[in-house]
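Residue-level structural notes
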Amino acid sequence: MKIYNGGPIVLGIAIFLAIALFPFYNNIGKVNATPKPKVDTPAILEYEKLNGKKECVESKEWMRGEHMQLLNQWRDSVVRDYNRGYVSNSNHKRFDMSLQNGCMKCHSNKKKFCDECHNYLSVKPYCWDCHIQPKEEETKS
Amino acid sequence: MSMDRRDFLKAAGISSILGFGASVASAANLITGKQLLPPQVDRNKEVLTAKRWAMVVDMSRFRTDEDFTKTIEACHSIHNVPSFPNKKDEIKWVWKTGFERAFPGHENKYMSEHLKDMPFLLLCNHCDNPPCVRVCPTQATYKLPDGITMQDMHRCIGCRFCMAGCPYGARSFNYRDPRPFIKNENKEYPTRTKGVVEKCTFCTERLSVGKMPACVEAAPPGGLLFGDLEDPNSDVRKIVTEKYTIRRKSELGTGPAIYYLIGGGEHA
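Residues numbered from 1 in each chain as written. Chains lettered and ligands numbered in written order. Predicted model: local features only at pLDDT ≥ 70, side-chain atom pairs only at ≥ 80, totals over all residues. Heavy atoms only, no water.

All names here are of chain B. Ranked by size, the top nonpolar core spans 48 residues in total, and within it M55, F120, F202, L224 and Y260 carry the most contacts. If you list the elements that add at least two residues to this core, you get β2 (53–58), α2 (65–78), β3 (94–98), α3 (99–102), β4 (119–123), α8 (214–218), β9 (224–228) and β10 (258–261). The residues touching F202, leaving out its near neighbours within four places in the chain, are W53, A54, M55, L123, H126, I148, L207, P213, F226 and I258. Counting residues in each nonpolar core, the second largest holds nine residues, with L225, I239, A257 and L261 among its members. (Core = buried A, V, L, I, M, F, W, Y, C linked by side-chain atoms within 4.5 Å. Buried < 20%, exposed > 50% of the residue type's maximum accessible area, 1.4 Å probe, protein only. Helix = DSSP H or I, 4+ residues; strand = E, 2+ residues; numbered from the N terminus. Contact = heavy atoms within 4.5 Å.)

This brings us to the sheet that holds strand β1 (residues 40–41) of chain B. Spatial strand order, β2(A)-β1(A)-β1(B): three strands in an open sheet with antiparallel pairing. The two strands at the open ends of the sheet, each matched to only one other strand, are β2 (94–96) of chain A together with β1 of chain B. Where strand β1 (residues 85–87) of chain A and β2 of chain A come together, three bridges link them in antiparallel fashion. In the sheet register, V87 of chain A faces β2 of chain A, and the bridge partner there is R94 of chain A. (Pairing = 2+ DSSP bridges.)

Let us now look at the interface of chain A and chain B. With 29 residues of chain A in contact, the opposing surface of chain B contributes 37 residues. Where chain A abuts chain B, roughly 2,900 Å² becomes buried across the two surfaces, and 49% of that area is made up of carbon and sulfur atoms. Summed over the three residues of chain A that lose the most area to chain B, namely R80, Y82 and I132 of chain A, the buried surface amounts to 27% of that side. When the shortest N-O distance is used, the salt bridge between R80 of chain A and D152 of chain B registers 3.5 Å. Run the count over chain A and chain B and you get twelve residue pairs in polar contact (both at pLDDT 80 or more). Of all the elements in the fold, those that place two or more residues in the side of chain A that touches chain B are α4 (60–81), β1, α5 (99–106) and α7 (127–130) of chain A. (Buried area = accessible area lost by both parts, 1.4 Å probe. Salt bridge = Lys/Arg side-chain N within 4 Å of Asp/Glu carboxyl O. Polar contact = N/O pair within 3.5 Å; in protein donor to acceptor, adjacent residues only side chain to side chain.)

This part covers unusual backbone geometry. Of note, Y82 of chain A is a non-glycine position whose phi angle comes to about 65 degrees, a positive value. Mapped onto the elements, Y82 of chain A comes out in the loop between α4 and β1. Even without being a glycine, R160 of chain B presents a positive backbone phi close to 70 degrees. One can find R160 of chain B in the loop between β6 (149–151) and α6 (161–165). Since its relative accessible area comes to 37%, R160 of chain B is described here as partly exposed.

This is a description of form; function is not addressed.
In structure tokens:
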């Protein structure tokens, strides 16, 4: 079989494939780092020391999947119904429904706690446009 | 197998009904199956409640400029209200204006200079029938059962209908990012973002932890009274019943809940 103008065509295809497949061969062998959110802030460690365990509003697994719905519920409850107390379904403790004055008091490491997964999944919640994030000490680790 | 047109249409109709019903049923199941438990709520014990919150502004107690600035500053610092250098960007929750602007139509040629020049403390009137709530397309601003006109910044789309609706100019729009213009951020309260409308909230966040609104605490003693208008024994109700008070533009039918006592107690 004879291809007319075979040289330029093959060259063109090769260049095209080189460009189109760049993301694939460029990442071969590179480890895709999974996010590892950290729960080791001073407040959490202090809590662990006092109570013998780490615990959040609900169980860790549940919070992983449902925290966004929970936060939405809290928002509506606080802004529309004046209800600021949330009673946990798992440990029956009372928590203040507040992002700035609740969650972030323990999870003061927004970069390592929130952003770690959010960046990985490329979700950009607009919480911090208004809510003030805690000041993070610059730790080099 | 042969089928005439009539039978074919019947079969097609029945099967599409069945299919649609099944998909609706499965979708409904999916949604309810994943739903969160309703939040178990434990109200703060100390929350202040009322049937109708209202405020009386006793102008005789506001004597100096400092009385005003202290009151305004208390509100604006607690709520992270920015102060923009350019007046057109101004955000205000509480502010002051002269009599003629506060109560247009009430002025007359012969009224005393004192009253004419007197600055009045203005804020959102938390109307009974608020035009801002009526025009809000997203229900971002709404009435709470205790009479407060509240807003949900998460839902505000910045259309500014409420600003056009409000006859009191109580609402301000964030034309710019307010963050760089807040002197001292109050870490306990959020800021706002570019593109939302904001106003006085009667300090709902303070009421829910048993505190009086910030302006009431910072005002000169007796200058601002805050209470339940429906409670016959409350301070505000007593003054509104016994004294002659005026409200801003009450002729518009909005039912404002800020009452101004102009002469003050002694010489009303």
